[in-house]
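# Fold and contact review
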Amino acid sequence: MALLSIRNLSVEFATASGSFRAVDAIDVTVDPGDILAIVGESGSGKSVSMLALMGLLPWTATVTADEMRFDGKDLRAMTPRTRRRIIGKDIAMIFQEPMSSLNPCFTVGFQIKEGLKKHLGLDARARHARALELMEMVGIPDPVRRLSAYPHQMSGGMSQRVMIAMAIACRPRLLIADEPTTALDVTIQAQILDLLTALQAETGMALILITHDMGVVAETARRVSVQYAGQKVEEQPVGPLFATPHHPYTSALLAALPERATTRLLPTIPGVVPGQFDRPPGCLFAPRCAFADATCQNTPPPVQPPAKGLVRCHYPLGGPA
Amino acid sequence: MSVALRQGPLAEFWYYFRENRGAVIGLWVFAAFAFVALFAPLLAPYDPTQQFRQSVLLPPAWIAGGDWAFPLGTDPLGRDMLSRLIHGARYSFFVGIVVVVVAASGGILLGLIAGFSPRWLDSLIMRLMDVILAFPSLLLALVLVAILGPSLTNAMIAIALVLQPHYVRLTRASVLSERTRDYVVSARVAGARLPRLMFVTVLPNCLAPIIVQAALSFSTAILDAAALGFLGMGAQPPTPEWGTMLAEAREFILRAWWVVTFPGVAILVTVLAINLMGDGLRDALDPKLKRS
Amino acid sequence: MSAAVLMAEGLSRVYEIGGGLFGKPREIRALSDVSFEIARGRTLAVVGESGCGKSTLARVVTMIEPPSAGRFAIDGTDVTPGRWAGLRDAVQIVFQDPYGSLNPRQRISAILDEPLKINRKSLSRAEREAKVREVMALVGLRPEFHDRYPHMFSGGQRQRIAIARALMLEPRVLVLDEPVSALDLSVQSQILNLLMELQERLGLTYLFISHDLSVVRHVCDEVMVMYLGRAVETGAKAQVFDSPRHPYTLALLSATPVADPARRKERIKLTGELPSPLDIPLGCAFAARCWKAQDRCRAERPDLEGDGHKVACFFPEGG
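Chain C appears in an unreviewed UniProt entry as Dipeptide transport system ATP-binding protein from Rhodovulum steppense. According to its UniProt record, chain C has this under Subcellular location (unreviewed entry): "Cell inner membrane".

An unreviewed UniProt entry lists chain A under the name Dipeptide transport system ATP-binding protein, with Rhodovulum steppense given as the organism. Under the UniProt heading Sequence similarities (unreviewed entry), the entry covering chain A gives this text: "Belongs to the ABC transporter superfamily." According to UniProt, the comment filed for chain A under the heading Subcellular location (unreviewed entry) is "Cell inner membrane".

## Observations regarding the overall build of chain A
Broken down by element type, chain A carries 12 helices and 11 strands. In terms of overall size, chain A behaves like a compact globule, its C-alpha atoms giving a radius of gyration of 21 Å where 321 residues would be expected to give roughly 20 Å. The principal-axis extent of the C-alpha atoms belonging to chain A is close to 70 × 50 × 40 Å. A buried classification covers 54% of the 321 residues belonging to chain A. Taking the contacts inside chain A whose residues are at least 6 apart along the sequence as the reference set, 63% of them involve residues at least 24 apart. Only carbon and sulfur atoms are counted for the fraction: they give 56% of the accessible area of chain A, which is about 13,000 Å².

## Brief notes about the sheet that holds strand β9 (residues 206–211) of chain A
Residues and elements named next belong to chain A. The strand order across the open sheet built from 6 strands is β7-β8-β9-β3-β10-β11, with neighbouring strands paired in mixed fashion. Since the sheet does not close on itself, it has two edges, and those belong to β7 (91–94) and β11 (231–237), each with one partner. For this sheet, the mean inter-axis angle between neighbouring strands, taken without regard to orientation, is 15°. Summarising the sheet, β7 and strand β8 (residues 174–178) pair through 4 bridges and their orientation is parallel. Residue pairing across strands places Ala92 opposite Leu175, the latter belonging to β8. Sheet strands in contact with helix α11 (residues 248–255) are β10 (223–228) and β11, and its direction is about 100° off that of β10.

## Details of the interface of chain C and chain A
Listed as interface residues are 39 residues of chain C and, on the opposing side, 41 residues of chain A. Overall, the association of chain C and chain A removes approximately 3,400 Å² of surface from exposure, summing both partners, and the carbon and sulfur fraction of that is 51%. Here Glu200 of chain C makes a salt bridge to Arg264 of chain A, at a shortest N to O gap of 3.5 Å. On inspection of chain C and its partner chain A, the count reaches 14 residue pairs in polar contact (both at pLDDT 80 or more). Breaking the side of chain C that touches chain A down by element, the ones donating at least two residues are α6 (185–202), α7 (213–219) and α9 (247–255) of chain C. Per element, the largest residue contribution to the side of chain C that touches chain A is 12 residues, and it comes from α6 of chain C. Its residues placed into classes, the side of chain C that touches chain A shows 14 nonpolar, 14 polar and 11 charged.

## Some points on the packing of helix α4 (residues 81–116) of chain B against helix α7 (residues 152–179) of chain B
All names here are of chain B. For the pair α4 and α7, interaxial distance at closest approach is 5 Å and the crossing angle is 40°. Of the possible angle classes, the one that applies to α4 and α7 is oblique. For α4 against α7, the interelement crossing comes out right-handed. When grouped by side-chain class, the residues that make up the contact of α4 with α7 number 23 nonpolar, 6 polar and 2 charged.

## What about the domain arrangement of chain A?
If you check the domain split of chain A, you get domain 1 (101–169) and domain 2 (245–308). A C-alpha centroid distance of 43 Å is found between domain 1 of chain A and domain 2 of chain A.

## So, unusual backbone geometry
Here Pro237 of chain B and Pro238 of chain B are connected by a cis peptide whose omega angle stands at 10°. Considering the arrangement of structural elements, one finds Pro238 of chain B in the loop between α9 (194–230) and α10 (242–248). Backbone geometry at Asp71 of chain A places phi at a positive 55°, although glycine is not the residue there. In this structure, Asp71 of chain A sits in the loop between β5 (67–70) and β6 (73–74).

## Focus on the packing of aromatic side chains
Enumeration over the complete set of coordinates arrives at 22 aromatic pairs over all chains. Centre to centre, the rings of Tyr228 of chain A and Tyr249 of chain A are 4.5 Å apart; their planes meet at 50°, and the pair counts as tilted. One end of the pair, Tyr228 of chain A, is in strand β10; the other, Tyr249 of chain A, is in helix α11, and 21 residues separate them in sequence. Seen from their ring centres, Phe145 of chain C and Phe153 of chain C are 4.9 Å apart, and the 75° between their planes marks the pair as edge-to-face. With relative accessibility at 5%, the residue Phe145 of chain C sits in the buried group. For Phe153 of chain C, a relative accessible area of 5% puts it in the buried group. Among the aromatic residues, ring-to-ring pairing joins Phe30, Phe33, Phe93, Phe218 and Trp242 of chain B into one connected group.

## A short note on the packing of helix α4 (residues 108–120) of chain A against helix α5 (residues 124–137) of chain A
All names here are of chain A. It is the contact of α4 with α5, at a shortest axis distance of 9 Å, that shows an interaxial angle of 115°. At the point where α4 passes α5, the crossing takes the right-handed sense. Between α4 and α5, the residues in contact are Val108, Ile112, Lys113, Leu116 and Lys117 and Arg127, His128, Arg130, Ala131, Leu134 and Met135, respectively. Here the residues of the contact of α4 with α5 sort into 6 nonpolar, 1 polar and 4 charged.

## Details of the pattern of salt bridges
What the rule picks out here adds up to 42 salt bridges over all chains. Here Glu317 of chain C and Lys292 of chain C are joined by a salt bridge, their closest N and O atoms 2.8 Å apart. With Glu317 of chain C in the segment after β11 (310–311) and Lys292 of chain C in the loop between α9 and α10 (295–299), this pair connects stretches of sequence that are 25 residues apart. Overall, Glu317 of chain C belongs to the partly exposed group, its relative accessible area being 22%. According to the relative accessible area criterion, Lys292 of chain C is partly exposed, its value standing at 23%. Arg298 of chain C is the salt-bridge partner of Asp295 of chain C, the closest N and O atoms lying 3.9 Å from each other. Highlighted residues: Asp295 of chain C and Arg298 of chain C, both in helix α10, separated by 3 residues, approximately one helical turn. Among the ionic contacts, a cluster of salt bridges with common partners joins Glu12, Arg21, Asp24 and Arg279 of chain A.

Reading the values: the criteria
Residues numbered from 1 in each chain as written. Chains lettered and ligands numbered in written order. Predicted model: local features only at pLDDT ≥ 70, side-chain atom pairs only at ≥ 80, totals over all residues. Heavy atoms only, no water. UniProt positions renumbered as here; feature names shortened; annotations may be inferred. Helix = DSSP H or I, 4+ residues; strand = E, 2+ residues; numbered from the N terminus. Rg over C-alpha atoms; globule rule 2.2 N^0.38 Å. Buried < 20%, exposed > 50% of the residue type's maximum accessible area, 1.4 Å probe, protein only. Contact = heavy atoms within 4.5 Å. Areas by Shrake-Rupley, 256 points an atom, 1.4 Å probe, with all protein chains shown as cover. Pairing = 2+ DSSP bridges. Axes fitted to C-alpha atoms, helices over the stretch in contact; angles between N-to-C directions. Buried area = accessible area lost by both parts, 1.4 Å probe. Salt bridge = Lys/Arg side-chain N within 4 Å of Asp/Glu carboxyl O. Polar contact = N/O pair within 3.5 Å; in protein donor to acceptor, adjacent residues only side chain to side chain. Nonpolar A, V, L, I, M, F, W, Y, C, P; charged D, E, K, R; others polar. Parallel < 35°, antiparallel > 145°, perpendicular 65-115°, else oblique. Left-handed = near helix turned anticlockwise from the far one by under 90°. Domains from an automatic or database assignment. Phe/Tyr/Trp six-rings, centres within 6.5 Å; stacked < 30°, edge-to-face > 60°.

Structural data, given as structure tokens:
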């Protein structure tokens, strides 16, 4: 049974100039022990959909879904109270900015122990032992001294390790990492990614990795879901996605990577992601797509079968698969 | 989320301002106040200093003994309350405008200089402002007026001086945060010299909090001017200034409530309206408080 | 090499922080002894992680700050603070964050016009406007954008505006400080193409600062790898990328994720973090994280040595 299954999730924001659909009919399925990467550019709704799952969106957002199940339990039917018991314990999340995700007023140790107290009800001694154990697990040198350090005394990489320690403190079954390495340097990014995959293998938790970096996806994920302008446009295991992308957007995105360039000028995707006011009536990618025709401009595309990577496209690429 | 990407800045401002109902009401009251102040001679039924000796201390028209010729009654010298109040709006408005302009322009200039200057000059200016802020503001204004001599002009100078440090601090704070932004560096790479950096590049980006402060100190100025007037240190009789009117009528407070109540209500309503409007301005101009 | 448009020799920049009324200010060596030459129409990439001094280098080269030591010359003219005003139009800069680098209260026309207004006082208003429109067309901005404000544009278009502004004075050298790091992938390639087209058409010389090795590999001719304010390896692109000699370059290359799931490579795991620039170790700055470090590395600092492909290491790779 899937650990997490979300059907037809939509999120709308009420803004100054009318409602804005940030997430549009997205399905997410994660099995235990899976590593799913959600890839997309800014405005693709990749973070918003996960924040909606966590119930962390501001009041201006309206969340609708046909199904939202975690471990067989319906999250939609829960009271905020019972939901909180799952969120932070069984589902944990880490964010992009490690420096601002930690409260600067409290020591690192206090912040790690807080979650342990709330969710596991450990006594002070057990909390301290577990906190030390966690610090060691995430590879923080000299954990005893670091427990009493304040966030501003630590570097970005160390702060992100602390965030990961806090996230895995209650042995979550699902960890959502929202751009966990974007704010970090390349060598530190490699360390954090290695740590995340190692922890995933060790604990068997499922991992959802939200990112815009195709390199990170290729090296970390098992399955990839590509989002564009709030819709999921393609979902495939990582190997086939990079080898034979079925959606023109995925294909164009991969071609635009400088490391794949064969000529001095890079292949580009003309135009920009549609905003609140210029959402096309048909396929959202049609205005920028090299293959679009009149059907694409006017009719929203169907979702193709799994053999075609579940793409939302009238004319999927890659021949009959 | 990109809110109102396609709207002009003015339309967006109005959207956020409109959200706050109190602010909109405040704006209307303030507009009415400004209208009254502008057209006082046309609106007032009588000259504010004209004395009707046969109708002294007449109550408002709807009370027994009142006369519809004097809708809000008359004061101990037989002057029409309504006309005096209408002309009083003029003085209050004048005080507000002059004080805000003087305090803001001086304060902004000092704040810009402090924000851009080397550390010693910056500390010198800021410590000076701290000294001014350390005095109770009304007391300082009183001392200044006592030195300069009691008159409305001197009261305005004193109030402007007392309000100035707030502008200096506010401007300096936003200059310091704006100064390190890339667009300022980019202007320096383009060869912009200090005056241009200060006034063309940085100042327009610091204006939002200053506008809010200006609205709020408008009401402070009116209040302080009334207080000085009440203490006899501001506008001198027979000027129909609201604070002075209150002071003149002090002894009749038990016999003729209207001579004290109406100027008091006028001050209260005006100051409250401006404060509400200032709150709305802050909500609309300060992006940190914006929702979504 | 006489064809060098930009030449730097032993550039250093020291900041003093803290101090105040009490106590002695402490020194931060943000940039130490950096030398390079860029020939006309070429691109030198400066690669490194945060705190390696690449942004300080940009500030020195664009004449925002004077160097604390060393000299640099543009087209053979020594740059001294006294000559800054006259050399403004030779070097311009494009910043990383297109949201912060455009004045939000100015229209596009005013943003682009400003450099001309300050530096080309002899031009009439009509001439300036003609020049603005010409450059807008050059970078692919539509004429109707002329009177709009920056907040109406997406990141990619803003970066085009920033590039247009940098080009207004027809500079010879453009310093590109992470010009595409803040952009989405699909827009990043548009901007990179624009930069390369402009380089070909206008014969521009680029100092390209970036932490993204895949972008650097695509655009540059020569590379300088920096670590804690010092150059640790310099050379032609092929030399540095194909046969890196400094262990840090090697680690950096192996840490960069490659968008190819089939190529699971062995990563060199660097332990530890960057030392604080406040107390840079005595010997090789990288010694604390280096798997090859020996006593000598911790005691002595290696010099940047070599012929063409230079490296600052006692035990370089491949020889």
